[in-house]
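# Structure at a glance
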Amino acid sequence: MRKTELKINLSNLKHNINLIKKFTDADIQAVVKANSYGLNMSKVLETIEDDVESFSVITLTEAEEVRKLTTKPILLLQGVHQLDDYELIEKHKLDFVIHSSWQLNEIEKYNLSNSRIWLKINTGMNRLGINLDDFEELFKKVKSLNTSEIILMSHLSASSVKDDPHTLSQIKIFNDLVNGISCKKSLSNSGAVFNMPEAEHDIVRPGMAIYGGKYNEFGTKNVSSLTSQIISLRNIKAGERVGYDGTWQAKEDCIIGSIPIGYADGLPYFMKPITVSVNGKEFKTAGKLNMDLTLINFEQDSSIKIGDTVKLWDFDSDLSKVSEEFNTISYNLLTNISSRVTKNYLE
Ligand SMILES: *Cc1c(COP(=O)(O)O)cnc(C)c1O
């Protein structure tokens with residue numbers, strides 16, 4: 001069997017949820033979209049269900065999957081994409097966002113008495129959300145519907161930066177608008193949980209903080225480790241070229257190893273060397289990333305053997321730093337991991 005493996009550490013997951021609880025008194029909505037950021041929704045759900053108030057996802061397929069596992073509220077973060085999506089919302093008793101007025105067309109046709117509406121307000125990210133000018137009218141319309149509850153929400157664009165002025169202005173716009181309205185409110189994503197206690201309100205919506213791919217400086221632990229195993233070693237003479245297009249050339253005699261992981265496994269494509277670790281030592285990749293392989297320059301280290309484990313990252317890695325090498329962000333690293341990679345769990 002190919003030993004290219006994503007290990008998921010469930011006790012680190014539990015640690016992260018407990019850490020979030022130390023930072024906030026608000027209820028926690030665990031964002032489990034995109035298969036829990038690539039880490040397997042069902043295992044994540046099982047581990048943290050008792051700690052959270054609700055879950056959130058993007059697609060109806062994701063919501064149906066979560067609904068099989070829990071009776072807790074499930075929020076569709078983008079609401080309906082087609083008006084007839086309300087049929088499945090009704091059937092599975094889902095919560096949904098209203099971010100645009102078109103999503104209220106024909107909504108009266110459905111029995112949404114088991115759903116909470118999350119009315120999303122654009123406070124300056126200019127992505128999704130109703131305009132401030134339309135709030136009064138649309139809030140009135142939403143209040144006239146037969147739903148179980150209305151929650152007011154917005155999304156922050158730069159909460160991972162402490163005291164980011166744009167984010168502080170978003171918080172003020174939101175607070176000024178909703179102040180005095182007796183609905184529950186929700187503003188904070190992971191970054192705001194740690195950096196912006198003034199954004200807390202009633203429900204916080206952390207995603208990455210739960211998965212530990214960011215915010216290690218606040219105490220989150222990385223939940224995943226990605227490893228592969230050496231399947232080939234060869235001696236190369238100085239001057240020889242390695243890999244596609246021969247872009248990498250040996251400066252001196254060296255040993256080139258191959259591990260069976262490539263961009264089809266979800267590694268972001270790279271052409272420049274990436275750091276990997278074997279038996280506690282760091283080495284650099286050689287040449288361009290392949291679809292199914294990564295090549296590594298072991299220099300003259302003859303202690304490296306076929307079958308040795310190569311770590312792309314480990315539970316003690318800071319994924320923000322790892323992702324910089326790949327010229328991307330940790331969100332992209334995790335959500336990219338393909339179904340071809342074996343997933344195993346540590347309790
Ligand atoms: C994805 C998402 C979150 C979670 O963001 P993190 O940075 O992972 O905490 C929260 N709210 C909304 C609306 C989202 O789309």
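Please refer to the structure higher up on the page.
Residues numbered from 1 in each chain as written. Predicted model: local features only at pLDDT ≥ 70, side-chain atom pairs only at ≥ 80, totals over all residues. Heavy atoms only, no water.

## Overview of the environment of Asn195
Selection rule: Where helices and strands are cited, they refer to DSSP runs of H or I of at least four residues and of E of at least two residues respectively, numbered from the N terminus. We call two residues in contact when some of their heavy atoms are within 4.5 Å. Pairs of N or O atoms are called polar contacts if they sit within 3.5 Å, as long as, within protein, a hydrogen donor faces a hydrogen acceptor (for residues adjacent in sequence, only side-chain-to-side-chain pairs).
Along the chain, Asn195 turns up in helix 8 (residues 190-195). Along the sequence, Asn195 and Tyr37 sit 158 residues apart, while their C-alpha atoms lie 22 Å from each other. Not counting chain neighbours up to four residues away, the residues in contact with Asn195 comprise Ser159, Ser160, Val161, Lys162 and Phe218. Of the polar contacts made by the side chain of Asn195, one reaches the backbone oxygen of Ser159; its length is 3.0 Å.

## A few points about the site of the ligand
Here is the rule: We call a residue near a molecule or strand as soon as one heavy atom of that residue lies within 4 Å of the molecule or strand. In this description, accessible areas are obtained by the Shrake-Rupley approach with a 1.4 Å probe, and a residue is regarded as covered only by the protein chains that are shown. Ten residue types, Ala, Val, Leu, Ile, Met, Phe, Trp, Tyr, Cys and Pro, are classed as nonpolar, four, Asp, Glu, Lys and Arg, as charged, and the remainder, Gly among them, as polar.
The ligand sits among 13 residues. The nearest are Lys33, Tyr37, Ser190, Met208 and Tyr331. Between an oxygen atom of the ligand and a side-chain N or O atom of Lys33, the distance comes to 2.8 Å. Tyr331 is positioned with one of its side-chain polar atoms (N or O) 2.6 Å from an oxygen atom of the ligand. Here the ligand has 390 Å² of accessible area as a free molecule, and 91% of this is covered by the chains. Residues belonging to the shell around the ligand are distributed by class as follows: 6 nonpolar, 4 polar and 3 charged.

## As for the sheet that holds strand 16 (residues 281-285)
We apply this condition: Each pair of strands is called paired provided DSSP finds at least two bridges between the two strands. Interaxial angle, 0 to 180 degrees, is taken between N-to-C directions of lines fitted to C-alpha atoms, where a helix line uses only the stretch in contact.
One open sheet holds the 9 strands; their spatial order is 11-14-17-16-15-18-10-1-19, and the pairing between them is mixed. Both outer strands of the open sheet, strand 11 (232-236) and strand 19 (342-346), are each paired with one neighbouring strand and no more. Across this sheet, the average inter-strand angle for adjacent strands is 35 degrees, counted without regard to direction. Where strand 16 meets strand 17 (residues 294-297), 2 bridges bridge the pair, whose relative direction is antiparallel. By the bridge assignment for strand 17, Lys284 is matched with Asn297.

## Considerations on helix 4 (residues 60-67)
Going by this rule: Buried residues are those whose accessible area, probed at 1.4 Å on protein chains only, stays under 20% of the maximum for their type, while exposed residues exceed 50% and partly exposed ones sit between those limits. Each direction from the helix axis to a C-beta atom contributes to the arc, which is the arc of those directions.
Within helix 4, the full set of buried residues consists of Leu60, Glu62, Ala63, Val66 and Arg67. On an axial view of helix 4, the arc spanned by its buried residues comes to 155 degrees, and they lie on one face. Its buried side turned inward, helix 4 meets helix 2 (33-38), helix 3 (41-48), strand 3 (54-57), strand 4 (74-76) and helix 5 (86-92).

## A short note on the pairing of strand 3
Regular strands show a simple pattern: their side chains alternate between the two faces of the sheet. Formally: Handedness of a crossover: with both strands directed away from the viewer, a clockwise path from the first strand across the helix to the second marks it as right-handed.
Alternating positions in strand 3 separate into two faces, Ser54 and Ser56 on one and Phe55 and Val57 on the other, with burial throughout. Direction of pairing for strand 2 (residues 27-31) relative to strand 3: parallel, over a ladder of 3 bridges. Of the residues in strand 3, the one forming a bridge with Ala30 is Phe55. When strand 3 meets strand 4, the two strands line up parallel, connected through 3 bridges. Bridge assignment links Phe55 to a residue of strand 4, and that residue is Ile74. A crossover connection joins strand 3 to the parallel strand 4 through helix 4; in handedness this β-α-β unit is right-handed.

## What to know about the packing of aromatic side chains
By convention here, two paired aromatic rings are described through the distance between centres and the angle between planes. For the record, the criterion: The aromatic pairing rule takes the rings of Phe, Tyr and Trp, using the six-membered ring of Trp, and pairs them if the centres are within 6.5 Å, calling planes under 30 degrees apart stacked, those over 60 edge-to-face and the rest tilted.
Counted under the stated rule, the structure contains 13 aromatic pairs. A ring pair is formed by Tyr37 and Tyr331, whose centres lie 6.0 Å apart and whose planes are at 40 degrees; its orientation type is tilted. With Tyr37 in helix 2 and Tyr331 in helix 11 (residues 330-336), the pair connects residues that are 294 residues apart, well separated along the chain. For Tyr37, a relative accessible area of 6% gives the class buried. The interplanar angle of 45 degrees and the centroid separation of 6.4 Å between the aromatic rings of Tyr215 and Phe218 together place this pair among those described as tilted. Assessed through its relative accessible area of 4%, Tyr215 is described here as buried. Phe218 sits in the partly exposed class, given a relative accessible area of 24%. Members of the aromatic cluster, each reached through a chain of ring pairs, are Phe23, Phe194, Tyr215 and Phe218.

## A look at unusual backbone geometry
In this structure, Asn279 is a non-glycine residue whose phi angle is positive, near 50 degrees. The topology assignment puts Asn279 in the loop between strand 15 (275-278) and strand 16. One non-glycine residue, Glu299, lies in positive phi territory at about 50 degrees. Relative to the helices and strands, Glu299 resides in the loop between strand 17 and strand 18 (309-313).

This is a description of form; function is not addressed.
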